[in-house]
Amino acid sequence: MLDVRRMRVLREVATQGSFSAAAEALSYTQSAVSQQIAALEREVGTTLVERSARGVRLTDAGQALVKHTESVLANLAEAEAELEAIAGVRGGRVRLATFPSAGSAIVPQAIATFNGRHPGVELSLTEAEPDESLPRLKAGELELALIHAPSLDDELLAGIETELLLEDPYFAVLPKDHGLAAKTKVRLKDLSGDPWISATAACPCSGQVLRACSLAGFEPHVAFESDDFATVQGLVAAGVGVALIPDLGFATLRDDIEIRPLSGEVPVRYVMAATLSGYRSPATEAMLGVLRDTTGSYRSAWRELSVAS
């Protein structure tokens, strides 16, 4: 492989027209320049510079190599500038995946903040549950994924580094005219006789709700299924059932439902940032910092309303 430093010396000799002038421009000795050219000629296996009493002249091979040297040095300069930009978070990219409720509650503000701080970074977003986003993270298709647990097995998490960002407790969601709507807290077992609105079996939240009900001593009668929390709120508002919704599900809030904290053991989702174990780019680290700030100050519409009242 050709030595780029020696190629740079050859270009300087071609530009200056002599070894002595090239040595002065490079702050080398003339002997050092001569040694670098001789070593380069040995690398390429041919004469690059012809020496005479009138100075030096590049051979055809020397001229060809100088032409390529210009391109090589330009590409190296561009690479150095790009790496400096990435290190200063003025470049690079972050491909982010999020599960839906975090996508509506947390991610929009995080993206706006990140873009304001680092406009030169290419940021993209895709929506995916953890069982889809984690394999994509391992395949190198993502730099960062927002996931939630429990419900993730060890195989999915192998080779993944996680950071807890937010605890996301569940709340009981009741129709306005429900018999327990007047209470400040609701016992889960008191909802055992109601029809339930739950996530589909494919959604990780479904298993967590069913486990919570089982611990309370009953199996809920699931009358309707939806993975969209806005739809769940609408069904509750229509009076066709009750539900459990995590706090992130109240990014938007209807005024025709009642939300109550649960007494006793409360099911909680743990919202985490997932990255590949090992190296993280400066841009990815910066996005993690923004997500920490955003989740640290997040309050759902319902929490804001309950504090105000």
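Before reading further, recall that the structure is shown in the block above.
A short tour of the structure in this document, coming up. Predicted, not measured: the structure shown is a model, and the values here were computed from it.

### Some thoughts on the nonpolar core
Okay, step 1: Within the largest apolar cluster, 29 residues are counted, with the highest numbers of intra-cluster contacts made by Ala172, Leu174, Leu188, Leu191, Trp196, Val236 and Leu244.
Okay, step 2: Where this core is concerned, the elements lending two or more residues are strand E6 (160-175), strand E7 (195-198), helix H9 (204-215), helix H10 (229-237), strand E9 (243-246) and strand E10 (257-260).
Okay, step 3: Leaving out residues up to four positions away in the same chain, Ala172 has contacts with Val186, Leu191, Ala243, Leu244, Glu258, Ile259, Arg260 and Leu262.
Okay, step 4: Among the nonpolar cores identified, the runner-up in size contains 25 residues, and Ala102, Val107, Leu146 and Val290 belong to it.

### Overview of the packing of aromatic side chains
Okay, step 1: The final tally for this structure, using the stated rule, is two aromatic pairs.
Okay, step 2: For the pair Phe171 and Phe250, a centre-to-centre distance of 6.4 Å together with 65° between the ring planes defines the contact as edge-to-face. Of this pair, Phe171 sits in strand E6 while Phe250 sits in the loop between E9 and E10, and the two are 79 residues apart along the sequence. The burial state of Phe171 is the same as that of Phe250; both residues are buried.

### As for the pairing of strand E3 (residues 93-98)
Okay, step 1: Counting buried positions along E3 gives five out of six residues, so the element sits mostly inside the fold.
Okay, step 2: Alignment of E3 against strand E4 (residues 122-127), held across six bridges, turns out to be parallel. Residue pairing across strands places Val94 opposite Leu123, the latter belonging to E4.
Okay, step 3: Pairing between E3 and strand E5 (residues 144-149): two bridges, direction parallel.

So, how was this worked out
Residues numbered from 1 in each chain as written. Predicted model: local features only at pLDDT ≥ 70, side-chain atom pairs only at ≥ 80, totals over all residues. Heavy atoms only, no water. Core = buried A, V, L, I, M, F, W, Y, C linked by side-chain atoms within 4.5 Å. Buried < 20%, exposed > 50% of the residue type's maximum accessible area, 1.4 Å probe, protein only. Helix = DSSP H or I, 4+ residues; strand = E, 2+ residues; numbered from the N terminus. Contact = heavy atoms within 4.5 Å. Phe/Tyr/Trp six-rings, centres within 6.5 Å; stacked < 30°, edge-to-face > 60°. Pairing = 2+ DSSP bridges.

Honestly, that's just the spatial picture; any functional story needs more than this.
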